[in-house]
Amino acid sequence: MEITPLEMAPVHMSARSHLGENDINEQPVKSFGEFMVDALKKTNELELESEKLNAALAAGRIEDISQVVVASQKAEIALQLTLQLRNRATAAYQEIMRMQV
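Residues numbered from 1 in each chain as written. Predicted model: local features only at pLDDT ≥ 70, side-chain atom pairs only at ≥ 80, totals over all residues. Heavy atoms only, no water.

**A word on the overall build of the chain**
Now for step 1: For the chain, the helix and strand inventory stands at 2 helices and 0 strands.
Now for step 2: Counting the 101 residues in the chain, one finds 12% classified as buried.
Now for step 3: When the accessible surface of the chain is totalled, it reaches about 9,500 Å², and 60% of it is carbon and sulfur. (Helix = DSSP H or I, 4+ residues; strand = E, 2+ residues; numbered from the N terminus. Buried < 20%, exposed > 50% of the residue type's maximum accessible area, 1.4 Å probe, protein only. Areas by Shrake-Rupley, 256 points an atom, 1.4 Å probe, with all protein chains shown as cover.)

Below is the structure:
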């Protein structure tokens, strides 16, 4: 009698969900660098939109100032997040460089 070893195999759902959780969408997996580039582009777009709305407000073409405030706050939060990510990545890099091999 031959005894076969246990093998680690991925578990797949075989039931069909009515909520659509197991719909397979074959999307390419992004790398960390691609996520960072996308995030920086989005931050830049928010900054440019905020500047455009500020210029329109200064020219008197905007009636509702809340649009300008919301766009400005979105840009500010995105910039702060980007700066914190940069600071954390720099600190992690410096910590790795201090490690002794």
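**Brief notes about the pattern of salt bridges**
Now for step 1: If you walk through the whole model with that rule in mind, you get 3 salt bridges.
Now for step 2: As a salt-bridge pair, E49 and K52 come within 3.6 Å of each other at their nearest N and O atoms. Taken as a pair, E49 and K52 lie in helix α1 (residues 32–59) at a separation of 3 residues, close to a single helical turn.
Now for step 3: What makes K52 exposed here is its relative accessible area of 51%.
Now for step 4: Of the charged contacts in the structure, one is a salt bridge between E95 and R98, with a shortest N-O distance of 3.8 Å. Residue E95 and its partner R98 are located together in helix α2 (residues 65–98), separated by 3 residues, close to a single helical turn.
Now for step 5: Exposure remark for R98: the relative accessible area of 56% places this residue in the exposed category. (Salt bridge = Lys/Arg side-chain N within 4 Å of Asp/Glu carboxyl O.)

**Side note on α1**
Now for step 1: Along its 28 residues, α1 runs 41 Å from first to last C-alpha, staying within 8% of the 40 Å computed at 1.5 Å per residue.
Now for step 2: Within the span of α1, buried status applies to T43, L46, S50, L53 and A56.
Now for step 3: Where α1 is buried, its residues touch α2.
Now for step 4: Downstream of α1 by a residue or two, G60 has a phi angle that is positive, lying close to 85°. (Expected span 1.5 Å × (residues − 1). Contact = heavy atoms within 4.5 Å.)

**Quick word on the side chain of T43**
Now for step 1: Tracing the backbone through its elements, the reader meets T43 in helix α1.
Now for step 2: Sequence-distant contacts of T43, defined by excluding residues within four places in its chain, comprise A78, L79 and T82.

**What to know about the environment of M36**
Now for step 1: Among the secondary structure elements, M36 is positioned in helix α1.
Now for step 2: On the basis of relative accessible area, M36 is assigned to the partly exposed category, the value being 27%.
Now for step 3: Distance from M36 to T82, taken between C-alpha atoms, is 9.2 Å for residues 46 residues apart in sequence.

**What to know about the nonpolar core**
Now for step 1: With 5 residues, the main nonpolar core is built from L53, A56, I62, V68 and A71.
Now for step 2: For this core, the secondary-structure elements that each account for two or more residues are α1 and α2.
Now for step 3: Not counting chain neighbours up to four residues away, the residues in contact with L53 comprise I62, Q67, V68 and A71. (Core = buried A, V, L, I, M, F, W, Y, C linked by side-chain atoms within 4.5 Å.)

**A short note on α2**
Owing to its 3.6 residues per turn, the α-helix aligns residues three or four sequence positions apart on the same side.
Now for step 1: Over its 34 residues, α2 runs 50 Å from end to end, which matches the ideal 50 Å to within 8%, given 1.5 Å per residue.
Now for step 2: When we look at burial in α2, the residues that qualify are V68, A71, A75 and A78.
Now for step 3: Those residues of α2 hidden inside the fold are in contact with α1.

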